[in-house]
Amino acid sequence: MAINGEKMIKRPLRWAMVGGGRTGQVGYKHRIGALRDNTAYELVAGAFDIDAERCKDFGIGLGLDGSRCYPDYKTMFAEEAKREDGIEVVSIATPNGTHFEITKAALNAGIHVICEKPLFFTTDEAMEIKALAEEKGKIVGVTYGFAGHPLIYQARKMIQNGELGDIRVVMMDYTHGFFGEDVEKNNAAAKWRVDPKISGPSYVLGDISTHTFCISEMMLPHMKVEKLLCDRQSFVASRAPLEDNAHVLIHYDNGAVGTMWASGVNSGCHRSQGIRIVGSKASIEWRDSDPNKLLFEVQGEPNQVMFRGMPYLNEEGLEYERLGALHEEGLGESWANIYLQFAIAIDAKDRGDEEFLKDFLYPDINFGLEGVRWVEKCVESADKGGIWVDYETEYETEYKTSTSDLKQYVG
Ligand SMILES: NC(=O)c1ccc[n+]([C@@H]2O[C@H](COP(=O)([O-])OP(=O)(O)OC[C@H]3O[C@@H](n4cnc5c(N)ncnc54)[C@H](O)[C@@H]3O)[C@@H](O)[C@H]2O)c1
């Protein structure tokens, strides 16, 4: 099925943002995602900025009623609760160290949450929020931006179909060169990223590798990390203990092995993230710098490049198709897809349709939790001198077993 903006839920959700204001790097991506299908969300309120005046000015500039541009999130949740048409869902696009308290306050105010990654600092926090969301009957979605790209679903289905054979090797990387020097001296968004009080226990592992780890989980739902070894360093020494470069070795429970390279000091690199999955018969490879192509390489046959939107893709690879194969789709469409997924999940949750939600794949609290665990375990390994650490914890991991069929969704 192709997405064409037609409504999939009865009416747009009343949506607000915390953070993502005029100076925020990621805020516009949220608005692209939510407002691409204007049948899904209506932006009605915001506490967009740490600066109250700038928040109001910015909100009015976005077309909001100035009285619904709030000086802080606590005031917003309290004031919106008094209205019959108060907000139903809030997106959190503030620096990492604020995610936990804002998410908790939103859930306690009866509001669904869409939160930035890395979700929180610890798995204990993530488990607490998961339990609270369950208790309150709300969803927590996590904005791993490229997790909604159609070719992720294509690859996932091909792997499930056995087209690669048994999976043996997973190679992941997410790197850039913007932090090759101490850019944090003159850049506020860089500064908090290397401050453990605001960024959390890591820099590049949390800031970027969580994206690629989430994509690997989506493509490989049948494989769990069993143990890992991480080596991290701060090439700009003043960033220590937070790393600007890390390598991770992974052992999976099915005997496969993997690697992740996360770096902010990969000078000149603009290829951001990629994943190559090697099976006993064939390999696939995808990079977000060329997201409309999926390499499919079968041993002994000419290599294939599969293009997004082509009819030869599988049903899941075409499910979130928007523009048609002649035209490129990238980060904007992928954000629109995850935001549409969040809207559908919220609608299903509000109607108590747990049956639908059971098999509905989207970057939910479990992917957020696993991202936090990934960082926690990498840091534990690195800080113990780069030793193998077991990945199993007392917590259950939960993954959806299949993608949804949007055609069957009746909101
Ligand atoms: N998903 C992605 O692709 C992606 C990309 C970039 C950043 N991020 C994540 O998004 C979050 C924000 O990152 P950024 O780069 O946009 O940061 P930023 O520093 O550029 O912007 C932060 C924004 O939040 C506002 N803010 C800060 N504290 C606030 C508070 N208590 N209440 C209200 N507003 C507040 C600031 O005024 C600013 O508008 C981080 O968690 C980061 O990891 C995700």
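Residues numbered from 1 in each chain as written. Predicted model: local features only at pLDDT ≥ 70, side-chain atom pairs only at ≥ 80, totals over all residues. Heavy atoms only, no water.

Participant: I would appreciate a short explanation of the pattern of salt bridges in the present structure.
Facilitator: Opposite charge on two side chains makes pairing possible when the charged atoms of those side chains draw close. All told, the structure shown has 33 salt bridges when counted by the stated rule. Residue arginine 83 pairs with aspartate 85 through a salt bridge whose shortest N-O separation is 2.8 Å. Close ionic contact of arginine 239 with aspartate 244 constitutes a salt bridge, the shortest N to O distance being 2.9 Å. Here arginine 239 and aspartate 244 have matching classes, each one buried. Salt bridges sharing partners connect three or more residues here, namely Arg68, Glu80, Arg83 and Asp85. (Salt bridge = Lys/Arg side-chain N within 4 Å of Asp/Glu carboxyl O. Buried < 20%, exposed > 50% of the residue type's maximum accessible area, 1.4 Å probe, protein only.)

Participant: Help me understand the site of the ligand in this model?
Facilitator: Every one of the 27 residues lining the ligand counts as a neighbour, but Asn96, Glu116, Thr143, Trp192 and Arg193 are closest to it. Histidine 99 is positioned with one of its side-chain polar atoms (N or O) 3.0 Å from an oxygen atom of the ligand. Protein chains bury 88% of the 850 Å² of accessible surface belonging to the ligand in isolation. Broken down by secondary-structure element, the contributors of at least two residues to the shell around the ligand are strand S1 (13–19), helix H7 (188–193) and helix H9 (204–219). (Near = heavy atom within 4 Å. Polar contact = N/O pair within 3.5 Å; in protein donor to acceptor, adjacent residues only side chain to side chain. Areas by Shrake-Rupley, 256 points an atom, 1.4 Å probe, with all protein chains shown as cover. Helix = DSSP H or I, 4+ residues; strand = E, 2+ residues; numbered from the N terminus.)

Participant: What is the right way to read the pairing of strand S4 (residues 112–115) from this model?
Facilitator: Burial of S4 is two-sided: the residues His112 and Ile114 facing one way and the residues Val113 and Cys115 facing the other way are all buried. Two strands pair when backbone bridges link them, and strand S3 (residues 89–93) and S4 are joined in this way by four bridges, in the parallel orientation. In the strand pairing of S4, valine 90 is matched with valine 113. With three bridges joining them, S4 and strand S5 (residues 140–142) adopt parallel strand pairing. For valine 113, the partnering residue across the bridge sits in S5 and is valine 140. Taking the sense of rotation as the criterion, the β-α-β connection linking S4, helix H5 (residues 123–136) and S5 turns out right-handed. (Pairing = 2+ DSSP bridges. Right-handed = clockwise from strand over helix to strand, strands pointing away.)

Participant: Is there a simple way to think about the packing of helix H6 (residues 150–160) against H9 in this case?
Facilitator: How two helices sit against one another is set out by the angle between their axes and by the gap between those axes. In the contact formed by H6 and H9, the axes pass within 8 Å of each other and the chain directions differ by 40°. Classified by the interaxial angle, the pair formed by H6 and H9 is oblique. Residues Ile152, Tyr153, Ala155, Arg156 and Ile159 of H6 pack against Ile215, Met218 and Met219 of H9. For the contact of H6 with H9, the per-class residue count stands at seven nonpolar, no polar and one charged. (Axes fitted to C-alpha atoms, helices over the stretch in contact; angles between N-to-C directions. Parallel < 35°, antiparallel > 145°, perpendicular 65-115°, else oblique. Contact = heavy atoms within 4.5 Å. Nonpolar A, V, L, I, M, F, W, Y, C, P; charged D, E, K, R; others polar.)

Participant: Would you take a moment to explain helix H11 (residues 331–350) for this structure?
Facilitator: Since the α-helix packs 3.6 residues into each turn, any two residues three or four apart lie on the same face. Its 20 residues place the ends of H11 28 Å apart at the C-alpha level, agreeing with the 28 Å of an ideal helix rising 1.5 Å per residue. For H11, the buried fraction is high: 18 of the 20 residues fall into the buried class. Just past H11, the residue glycine 352 takes up positive phi, approximately 70°. (Expected span 1.5 Å × (residues − 1).)

Participant: Even after reading the chapter, I still don't get helix H2 (residues 52–61), so can you show me in this structure?
Facilitator: Regarding H2, the residues found buried are Cys55, Phe58 and Gly59. With its buried residues spanning 100° around the axis, H2 presents them on a single face. Seen from the open side of H2, the exposed residues pointing more than 90 degrees away from its buried face are Glu53 and Gly61. Packing partners of the buried residues in H2 comprise helix H1 (27–35) and strand S2 (41–47). Sitting at the head of H2, aspartate 51 places a side-chain oxygen 3.1 Å from the backbone nitrogen of glutamate 53. Downstream of H2 by a residue or two, glycine 63 has a phi angle that is positive, lying close to 100°. (Arc of directions from axis to C-beta.)

Participant: Which parts of the structure should I look at to understand the sheet that holds S2?
Facilitator: Here we have five strands laid out as an open sheet, ordered S2-S1-S3-S4-S5, and parallel in their pairing. The open sheet is flanked by S2 and S5, the only strands paired with a single partner. The average undirected angle you get between the axes of adjacent strands in this sheet is 25°. Bridge analysis of S1 against S2 gives six bridges, and the strand direction is parallel. If you follow arginine 14 over to S2, its bridge partner there is glutamate 42.

Participant: Can you help me understand the environment of valine 89 in this one?
Facilitator: For valine 89, the position within the fold is in strand S3. Separated by 22 residues in sequence, valine 89 and isoleucine 111 place their C-alpha atoms 5.2 Å apart. In this structure valine 89 touches Leu13, Arg14, Trp15, Ala16, Tyr41, Ile111, His112, Ile114 and Ile346, once residues within four positions along its chain are discounted.

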